[in-house]
Amino acid sequence: MYSPTAARAPLAWAAPAIVIMLLFHYGAFVAGGWYAFTDWDGLSTPNFVGLANFRQVLTSAEARAALTNTLLLTFFYVTLSNLIGLGLALMLNGALRAQNILRMVFFAPVVMSPLAVSYVWKFIFSVNGPLNAGLEALGLEGATRVWLGDPDTALWSVLVVMVWQFSGLCMAFYLAGLQGIPTDLIEAAEIDGASPWRRFRKITFPLLAPAATVSIALPTIFGLRTFDQVIALTFGGPGYATETLATQIFKQTFAFGRFGYGAAFALVLTALVLVVSVIQLLVLRAREDRI
């Protein structure tokens, strides 16, 4: 029999979680939005300063470097991860011996801690690490570098770590998409004499549009929020060579005690992620609809 009390029971059980979420997630977000317009240092009474924090975010050298590095990392990370992930998916989708083991091997880095992976790569990139030792063994002493201490190579070293760890995630998305493509279409095109490249360009790649949407959108968000790898490998150095918006939020807030300025950085990053994600999804969804 229907009982009003029983109908309200699920809401009563969910109420504590809802309250905690409102207070500690959305409440913190609203508070951070307010502090972005103040000079709060985390201890004293905040004073309203209007758009002063945002003007500094848009004009300071560290902010410009952080924005440039964030966009560069995101672009190349998304591009390379998708290209490598798609290549691995195409290779492992066929009747390849030990393909299940290879899938596990390529996906394993994805589930590892980014900090742990970064510390391993920090050893690899060190002056006396395996990378320089291998180059010297091949007679390429001139190619050795202080990879994480050189402004010309530090950012790209961070990129290598990110691509190495998360290409397997894109591989998993594309593998799921490939396994959803009807084999009849591929076989019919093969019978008609279509070359492998033509079959890929005309059938496989267009039908991978939904997988591509996910494989591009998620890494884009991850790239814009890059933090762990930079902190573990370079801590934003040398100079501002590897600073990102996320590392600037951390440093300005917790290292320098400029909570208002750090909140302004956080709002800029949030707006950037929102704008880029919406535009990306609109474009990718429109491509899916055309197909």
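Only a predicted model underlies this, so the values are computations on that prediction, with no experimental measurement involved.

As a further point, take the packing of helix α3 (residues 61-93) against helix α12 (residues 245-255). One can describe the packing of α3 onto α12 by two numbers: an axis separation of 8 Å at closest approach and a directional angle of 145°. Seen from α3, the contacting residues are Glu62, Ala66, Leu67 and Thr70; seen from α12, they are Leu245, Gln248 and Gln252. Of the residues belonging to the contact of α3 with α12, the class tally is 3 nonpolar, 3 polar and 1 charged.

Let's shift gears to the pattern of salt bridges. Evaluated as defined, the whole model comprises 1 salt bridge. Residues Lys251 and Glu243 are paired through a salt bridge, measuring 2.5 Å at the closest nitrogen-oxygen approach. A relative accessible area of 9% means that Lys251 is categorised as buried.

With that settled, consider helix α9 (residues 196-207). End to end, α9 covers 15 Å across 12 residues, agreeing with the expected 16 Å (1.5 Å per residue, within 8%). Every buried residue of α9 is listed here: Arg199, Phe200, Ile203, Thr204 and Pro206. Buried residues belonging to α9 abut α3, α7 (154-179), α8 (183-191), α10 (209-224) and α13 (259-290).

What follows covers the confidence of the model for the protein. Per-residue confidence for the protein gives a mean pLDDT of 90; residues scoring 70 or more make up 96%. Mean pLDDT across the elements of the protein bottoms out in helix α1 (residues 4-35) (80) and peaks in helix α11 (residues 228-233) (96).

For the rest of this paragraph, the subject is the packing of helix α5 (residues 114-125) against α7. When two helices pack together, their arrangement is given by the angle between their axes and by how far apart the axes lie. For the pair α5 and α7, the least separation of the axes is 10 Å and the interaxial angle reads 130°. Between α5 and α7, the angle is such that the two are oblique. Between α5 and α7 the crossing geometry is right-handed. Of α7, the residues touching α5 (which contributes Pro114, Val117, Ser118, Trp121 and Phe125) are Ser157, Val160, Val161, Trp164, Gln165 and Phe166. Counted by class, the contact of α5 with α7 contains 8 nonpolar, 3 polar and no charged residues.

For the rest of this paragraph, the subject is the packing of aromatic side chains. Summed over all chains, the structure comprises 16 aromatic pairs. With 5.9 Å between their ring centres and 15° between their planes, Trp34 and Phe48 make a pair best called stacked. Of the two residues, Trp34 sits in helix α1 while Phe48 sits in the loop between α1 and α2 (52-59), which places them 14 residues apart along the sequence. Taken together through their ring pairs, the aromatic side chains of Tyr35, Trp40, Phe227, Phe235, Phe250, Phe254 and Phe259 make up a single cluster.

Relative to the helices and strands, Ala172 resides in helix α7. It is 8.3 Å that separates the C-alpha atoms of Ala172 and Arg103, two residues lying 69 residues apart in sequence.

Turning our eyes to something else, we now look at the nonpolar core. One finds Leu73, Tyr77, Trp121, Phe125, Val158, Val161 and Leu233 to be the most contacted residues of the largest nonpolar core, which totals 20 residues. Counting residues per element, this core draws most heavily on α7, which supplies 8 residues. Look past the residues within four positions of Trp121 in its chain and what remains in contact with it is Val160, Val161, Trp164 and Leu233. Counting residues in each nonpolar core, the second largest holds 16 residues, with Ala246, Ala263, Phe265 and Leu272 among its members.

A separate point is unusual backbone geometry. For the bond from Gly237 to Pro238, the omega torsion is -10°, close enough to zero to count as cis. The topology assignment puts Pro238 in the loop between α11 and α12. Here the phi dihedral of Phe235 falls at roughly 55°; this positive angle occurs in a residue that is not glycine. Tracing the backbone shows Phe235 in the loop between α11 and α12.

Moving on, we get to the layout of surface pockets. The calculated volume of the largest pocket comes to roughly 400 Å³. Around the largest pocket sit 18 residues that line it, and Ala28, Phe29, Gly32, Gly33 and Ala266 are the ones nearest its centre. Contributions of two or more residues to the lining of the largest pocket are made by α1, α12 and α13. With 8 residues, the top contributor of residues to the lining of the largest pocket is α1. Taken together, the residues of the lining of the largest pocket break down into 12 nonpolar, 6 polar and no charged. Approximately 320 Å³ is the volume attributed to the second largest pocket. Broken down by secondary-structure element, the contributors of at least two residues to the lining of the second largest pocket are α3, α7, α8 and α9. The element that contributes the greatest number of residues to the lining of the second largest pocket is α9, accounting for 4 residues. Residues that form the lining of the second largest pocket fall into these classes: 6 nonpolar, 5 polar and 2 charged.

Rules used in this analysis
Residues numbered from 1 in each chain as written. Predicted model: local features only at pLDDT ≥ 70, side-chain atom pairs only at ≥ 80, totals over all residues. Heavy atoms only, no water. Axes fitted to C-alpha atoms, helices over the stretch in contact; angles between N-to-C directions. Helix = DSSP H or I, 4+ residues; strand = E, 2+ residues; numbered from the N terminus. Contact = heavy atoms within 4.5 Å. Nonpolar A, V, L, I, M, F, W, Y, C, P; charged D, E, K, R; others polar. Salt bridge = Lys/Arg side-chain N within 4 Å of Asp/Glu carboxyl O. Buried < 20%, exposed > 50% of the residue type's maximum accessible area, 1.4 Å probe, protein only. Expected span 1.5 Å × (residues − 1). pLDDT = per-residue confidence, 0-100. Parallel < 35°, antiparallel > 145°, perpendicular 65-115°, else oblique. Left-handed = near helix turned anticlockwise from the far one by under 90°. Phe/Tyr/Trp six-rings, centres within 6.5 Å; stacked < 30°, edge-to-face > 60°. Core = buried A, V, L, I, M, F, W, Y, C linked by side-chain atoms within 4.5 Å. 1 Å grid on protein atoms, 1.4 Å probe; cavity = no way out; pocket = protein on both sides within 12 Å on 5 of 7 lines; lining within 4 Å. Points joined across faces, edges and corners; volume = space filled by probe spheres on them.

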